[in-house]
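Residues per chain are reported as follows:
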Amino acid sequence: MEQLECAAEPAVERYWQLLCTVTGRPAPPRWDLAGTWTAAALRAHLRPSELDRSTFDATDPDRVLYAYEQVTRDVMVLVAAVRPGDLALPTPCAGWTVRQLLDHMVWENLMTASIAEGAPRTDHTADHLGDDHLAAFADSARIALAAFTGSGMLHRTYGPYEAPGAVIVQQVVVELLAHGWDLARATGAPTVLAPEVAEETLAAARRIYGAAPRTAGSSFAPERPAPAGASAADRLAAFLGRDPA
């Protein structure tokens, strides 16, 4: 643990970069963010744990597909309302502008579609938005939906843990609903999104991410309280560390 945290220190990383420059060797890959995340994961899970497959068993493929359609429908409305001047606005995702948020949502659709097709993408840092954010998001949602239904993904398993494809798609539903909420807050739009499926999406998020670490470097901030009468999308945002107040 101490070695990981030391390697992730900016001063240590800078030392190795300068040393490689002086000696003419290629610089090592950056370890700052990866080291912070890895150390946070190890602190949160000091002992190996058994995989809880109940998260997998509670997933209905047909319902997940319906939820994806409802969430992308409402997010599409938000994306369509984004004006060029809105792209530079800050969002509840720390350090992300509206443009960066939209690019991330497009990439999530494309990445999941590529998993369905058996060729996971590796271009996370590329620009997936281009000059037309609405067309980019609409195309990515269309590509993802076609991949989900055409590849049999919702009824297949993936990876060494044999995770059902339906769970992978369900994670995308959670992400798109949460980031749709981020987009609504950033642009001043209503945050009552996909009411037909938001409650079950919140329940899925609790199943999937309930044991996720809430420490420095982790994916989620500590859960926040939601005000009385908050919508399911607001409560999802609060669960994932946003402030819905």
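Our structure's up above, just so we're on the same page.
Residue positions are counted from 1 within each chain, in the order its sequence is given. Local features in this predicted model are restricted to residues whose pLDDT is 70 or higher, and side-chain atom pairs enter the listing and the counts only when it is 80 or higher, whereas totals over whole chains, interfaces and linings include all residues. Only hydrogens and water are removed before side-chain values are computed, so all heavy atoms of the structure are retained for them.

A. Broad picture of the pattern of salt bridges. We define a salt bridge as a side-chain nitrogen of Lys or Arg found within 4 Å of a carboxyl oxygen belonging to Asp or Glu. All told, the structure shown has 11 salt bridges when counted by the stated rule. In this structure, the salt-bridge partner of Asp74 is Arg73, at a minimum N-O distance of 2.7 Å. Working definition: with a 1.4 Å probe on protein chains only, accessible area under 20% of the residue-type maximum means buried, over 50% means exposed, and in between means partly exposed. On the basis of relative accessible area, Asp74 is assigned to the buried category, the value being 16%. Accessibility expressed as a relative area gives 35% for Arg73, which makes it partly exposed. Note that Arg121 and Asp123 form a salt bridge whose closest N and O atoms lie 2.8 Å from each other.

B. The packing of helix 5 (residues 61-80) against helix 8 (residues 165-187), seen in detail. Where helix 5 contacts helix 8, the two axes come as close as 9 Å, and the packing angle between them is 25 degrees. In terms of their interaxial angle, helix 5 and helix 8 are classed as roughly parallel. Seen from above, helix 5 lies across helix 8 with left-handed handedness. Between helix 5 and helix 8, the contacting residues are Pro61, Val64, Ala67, Tyr68, Val71, Thr72, Val75, Leu78 and Val79 on the first element and Ala166, Val169, Gln170, Val172, Val173, Leu176, Leu177, Gly180, Leu183 and Ala184 on the second. Its residues assigned to classes, the contact of helix 5 with helix 8 shows 16 nonpolar, three polar and no charged. Here the axes come from fitting lines to C-alpha atoms, over the contacting stretch only for helices, and the angles between their N-to-C directions go from 0 to 180 degrees. In this description a helix means any DSSP run of H or I spanning at least four residues, a strand means any run of E spanning at least two, and both kinds are numbered starting from the N terminus. For classification purposes, an angle smaller than 35 degrees is called roughly parallel, one larger than 145 roughly antiparallel, one from 65 to 115 roughly perpendicular, and anything else oblique. Take the far helix as your reference; a near helix turned counterclockwise from it by less than a right angle gives a left-handed crossing, and one turned clockwise gives a right-handed crossing. When checking whether two residues touch, look at their non-hydrogen atoms; a contact exists if any pair is within 4.5 Å. Under this grouping Gly is polar, as are all residues other than the nonpolar Ala, Val, Leu, Ile, Met, Phe, Trp, Tyr, Cys and Pro and the charged Asp, Glu, Lys and Arg.

C. Structural detail: the packing of helix 8 against helix 10 (residues 232-239). Relative to each other, helix 8 and helix 10 sit at 100 degrees, their axes nearing to 9 Å. As the angle between them shows, helix 8 and helix 10 are arranged roughly perpendicular. Of the residues in helix 10, those touching helix 8 at Val174, Leu177, Ala178 and Trp181 are Ala233, Asp234, Leu236 and Ala237. Grouping the amino acids of the contact of helix 8 with helix 10 by side-chain chemistry returns seven nonpolar, no polar and one charged.

D. Geometry of the packing of aromatic side chains. Any pair of Phe, Tyr and Trp rings, taking the six-membered ring for Trp, is counted once the centres come within 6.5 Å. Such a pair is stacked with planes under 30 degrees apart, edge-to-face with planes over 60 apart, and tilted for the rest. One pass over the full model with this rule turns up one aromatic pair. Between the aromatic rings of Tyr68 and Phe148, the centroid separation amounts to 5.1 Å while the plane-to-plane angle is 80 degrees, which identifies the pairing as edge-to-face. Pair noted here: Tyr68 is in helix 5 and Phe148 is in helix 7 (residues 133-150), with a separation of 80 residues, a long-range link. Taken as a pair, Tyr68 and Phe148 share a single burial class, namely buried.

E. Region of interest: the nonpolar core. In this description, a nonpolar core means a group of buried Ala, Val, Leu, Ile, Met, Phe, Trp, Tyr and Cys residues linked to one another through side-chain atoms lying within 4.5 Å. Of all hydrophobic cores here, the largest spans 56 residues; its most connected members are Leu102 and Leu183. Secondary structure elements with two or more residues in this core: helix 5, helix 6 (98-116), helix 7, helix 8, helix 9 (198-209) and helix 10. Dropping the residues within four chain positions of it, Leu102 is found in contact with Val79, Val82, Leu87, Leu129, His133 and Leu183.

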